[in-house]
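Coordinates in review
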Amino acid sequence: MPATPKIQERADALRELLHHHAHRYYVMDEPDIPDAEYDKLFRELQEIEAQHPELLTPDSPTQRVGGKLLEGFAKVRHKVPMLSIRTETDIEASGARNFDARVRRELGLAESAPPVEYVAELKFDGLALNLRYEGGVLVQAATRGDGEIGEEVTQNIRTIGQIPLRLPKDVPPVLEVRGEVYMRRDDFEKLNELQREKIAKGAKGEKTFVNPRNAAAGAVRQLDSGIAKQRPLSFFAYGWGEITPVEQGGPAFTSHFETLLTLRSWGFPVSPRTQVATGPEELVAYHQAVGKERDSLPFDIDGVVYKVNSLALQKQLGFVSREPRWAVAHKYPAQEQLTTVQAIEVQVGRTGKLTPVAKLAPVFVGGVTVTNATLHNEDEVHRKDVRVGDTVIVRRAGDVIPEVVSVLVDKRVQGAAAFKMPAKCPVCGSDAVREEGEANHRCTGGLFCGAQRKEAILHFAQRRAVDIEGLGDKLVDQLVEANVIRTLPDLYKLGLVGLASLDRMAEKSAQNVLAALEKSKQTTLPRFLYGLGVRHVGETTAKDLARHFGKLDAIMEASTEQLLEVPDVGPVVAESVHTFFQQPHNREVVEQLRACGVTWEEGEAAVRTPKPLAGKTIVLTGTLPTLSRDEAKDMLEAAGAKVSGSVSKKTDFVVAGAEAGSKLDKARELGVTVLDEDGLKALLAGEA
Ligand code: IVH
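A brief look at the structure comes next. (Residues numbered from 1 in each chain as written. Predicted model: local features only at pLDDT ≥ 70, side-chain atom pairs only at ≥ 80, totals over all residues. Heavy atoms only, no water.)

1. So, the site of the ligand
To keep it simple, the criterion reads: Working definition: residue near molecule or strand if any one of its non-hydrogen atoms lies within 4 Å of it. Under this definition, polar contacts are N or O atom pairs within 3.5 Å; protein pairs additionally need one hydrogen-donor-capable and one acceptor-capable atom, and for neighbouring residues in sequence, both atoms have to be side-chain atoms. Only the protein chains shown count as cover for residues, with accessible areas throughout obtained via the Shrake-Rupley method and a probe of 1.4 Å.
Not every one of the 15 residues close to the ligand is listed here, only the nearest: E121, L122, E180, Y238 and K307. The backbone of I85 places a nitrogen or oxygen atom 3.1 Å from an oxygen atom of the ligand. Within the side chain of Y238, one N or O atom sits 3.5 Å away from an oxygen atom of the ligand. Relative to its unbound accessible area of 520 Å², the ligand is 87% covered by the protein chains.

Written as structure tokens, this is what we have:
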């Protein structure tokens, strides 16, 4: 059937699309659609081209194996081409059986012939590497590239601890080992957490990574090996390229498995999950067993690989268009899928952290149906620019919480509004604040907030706080879940009947808890203050506050400036204490606790020696001759000053060192007093 103009148009459009996405994936390491989506488009084009060969163009994406090469790396021609594996699209057990049937057919085996022996391996989701050793020394590492020519990445690869730089004496003079460089899920999470922090602190040009594979690819193909070194990578060997031939004294391997064991003995990591499987049913069993383990593996896999074990049979089977007939990849459900955002809700964690969460149209990802995905924090929502109604890529891998990785902006509905973090805690209505340099918003209603109940009670009850013996994790869980306790004062309203009615609570232990509660009522101000769980108020700060103010009411009424007068209290702590006691709900809880009989001996306020720089705002710029910036900042804050990052009319002093730039200009422009290091010291000594 000749191609209609419509089919021709579709083929052109698909090629265009695939070129675009291949560039994002292979060159930028920043795909903007899920792999499964790419595969779907790819297969559609393949099918059109199969039915209408006249539409096939030499530059069609279907005609190349791998990716484009990045500028900046030396090119390496592989001595033995790096092949790809045919993928079995059927993710059911029949996928394994079909492969076995094909192999038997190609080998011309009779039905009565014994089962074929295979090696079953994990299909690691990373980046293929060729490691070349000469005389037992790593001389070159290269990516697969297009299968013929790859990128030379030796410097970056040398930073991977799992890759041996030197091999034992008995290895063949030429040895190429092939395998997958990947990033473990925990390393990936840590890296992205670090990236999010950098972004929160205002670092330019930083981004988070879409998934471990892209993070790994980005690290391997990083032009700066110093940066590559900071990205934790791992490696598994699963094959080989050129090896000194037997005639020249090379090893006489006869099976794939034997070769892998030898590589392992030479120091290469070979997955312990690699095993021999005989006949199709053992392949099926392997696929199913690994499918169950997939979530708990420390790294991503997108399937398993079956390889004919005998190297002689492999040779007999040969290749079709760069894919060996002796190997196949058998997949699992994709870990990334498209869906739409129905709402963005804000959840409050046990410690008061506010997390925006995308409510999704249900979608099957990584083997489960997902309806929620974390958006981490305000910056992340804005950076990815996720809006209600958007079509997004969702990723779920392992036990990690599902995540929105990116938005398909072309599909945005008109008028979709940008996300705004609420100013109040959605659970208790207290103020939600974001501290300077922090990525997260927090609820300040710690004592009252339903989300923080358990944490607040456990913190209050601990030995170093008011010390309620026997009130542990499990009991608090039970009390809160049964709604017996909503806020701290409810603890002191507990009766024997209520307590003893809880599951697994004997009357004797109930009596013990009541006695402990009674005893805890007589406490000290520092313990009580620490027990309230005010953010940034540890035991030491609680003592400092108690010593300085003497009475709880004085602390509750103190302004930020007055709090700054406390020795060792800086702006972050002062702000936090002030905000905490400004929340009516928190004050109510404190009053109720006192009404329940919680009491302590109050003291007198310490004689106040006002801090010399209380209320002053100071900006540091340039390099000082002897003090580091952190030292200068600490000294200023200890003296009560607020150290700010930008110069404005409110700035009292600018301390400028060598190579001070625009901030100094601004200070002069606004007529702000400029000091050098000596001037700073004089100021601290109260001489200015
Ligand atoms: S063997 C002749 N084994 O999958 C076959 N590949 O499309 C050559 N991969 O680029 C590859 N795990 O990055 C092989 N156990 C495994 C693998 C594996 C992951 C990747 C590899 C390759 C792609 C094949």
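2. Things to note about helix α5 (residues 185-200)
What counts is decided by this rule: Under the DSSP-based scheme used, a helix requires at least four consecutive residues in state H or I and a strand at least two consecutive residues in state E, with every element numbered from the N terminus. An expected span of 1.5 Å times one less than the residue number is assigned to each helix. When a residue's accessible area, from a 1.4 Å probe over protein chains only, is under 20% of the maximum for its type it is buried; when over 50% it is exposed; and in between it is partly exposed. Throughout, a contact is declared for two residues whenever any of their heavy atoms are within 4.5 Å.
An ideal rise of 1.5 Å per residue puts 22 Å on 16 residues; α5 measures up with 22 Å between its terminal C-alpha atoms. Within α5, the full set of buried residues consists of R185, D187, F188, L191, N192, Q195, R196, I199 and A200. Lining the buried residues of α5 we find α6 (212-220), α11 (378-384), β18 (403-407) and β19 (432-434). Positive backbone phi, approximately 90°, marks G202, located one or two places after α5.

3. With respect to the sheet that holds strand β2 (residues 87-88)
Each strand in a sheet pairs with another by means of backbone hydrogen bonds, the pair being arranged parallel or else antiparallel. Here is the rule: Strands pair, by our definition, only if DSSP identifies at least two bridges between them.
Read from one edge of the open sheet, five strands run β2-β13-β10-β3-β9, paired in mixed fashion. One side of each edge strand has no neighbouring strand; the edge strands of this open sheet are β2 and β9 (275-278). Here strand β10 (residues 301-308) runs beside strand β13 (residues 327-331); their pairing, made up of five bridges, is antiparallel. Paired with Y306 across the two strands is V328, which belongs to β13.

4. Overview of the pairing of strand β21 (residues 617-621)
In plain terms, the rule: Looking down the strands as they point away from you, a crossover is right-handed if its path from the first strand over the helix to the second goes clockwise.
β21 sits mainly inside the fold: five of its five residues count as buried. Burial of β21 is two-sided: the residues T617, V619 and T621 facing one way and the residues I618 and L620 facing the other way are all buried. For β21 and strand β22 (residues 642-644), the ladder comprises three bridges, and the chain directions are parallel. Within the sheet, the bridge partner assigned to I618 lies in β22 and is V643. In terms of handedness, the path from β21 via helix α22 (residues 629-638) over to β22 forms a crossover that is right-handed. The sheet contact formed by β21 and strand β23 (residues 653-656) spans four bridges and is parallel. Paired with V619 across the bridge in β23 is V654.

5. Describing the packing of helix α3 (residues 94-107) against helix α9 (residues 279-293)
Stated formally: Lines fitted to the C-alpha atoms define the axes, with helices restricted to the stretch that makes contact. Angles between their N-to-C directions range from 0 to 180 degrees. Throughout, the term roughly parallel applies to angles under 35 degrees, roughly antiparallel to angles over 145, roughly perpendicular to angles from 65 to 115, and oblique to all others. Should the near helix be turned counterclockwise from the far one by less than a right angle, the crossing is left-handed, whereas a clockwise turn marks it as right-handed. When residues are grouped by polarity, Ala, Val, Leu, Ile, Met, Phe, Trp, Tyr, Cys and Pro land in nonpolar, Asp, Glu, Lys and Arg in charged, and all others, Gly among them, in polar.
At a minimum axis separation of 8 Å, α3 and α9 run at an interaxial angle of 150°. The orientation of α3 relative to α9 falls into the category roughly antiparallel. Handedness of the crossing formed by α3 with α9: right-handed. Across from A96, R97, F99 and D100 in α3, the residues of α9 making contact are P280, E281, L283 and V284. Classifying every residue of the contact of α3 with α9 gives five nonpolar, no polar and three charged.

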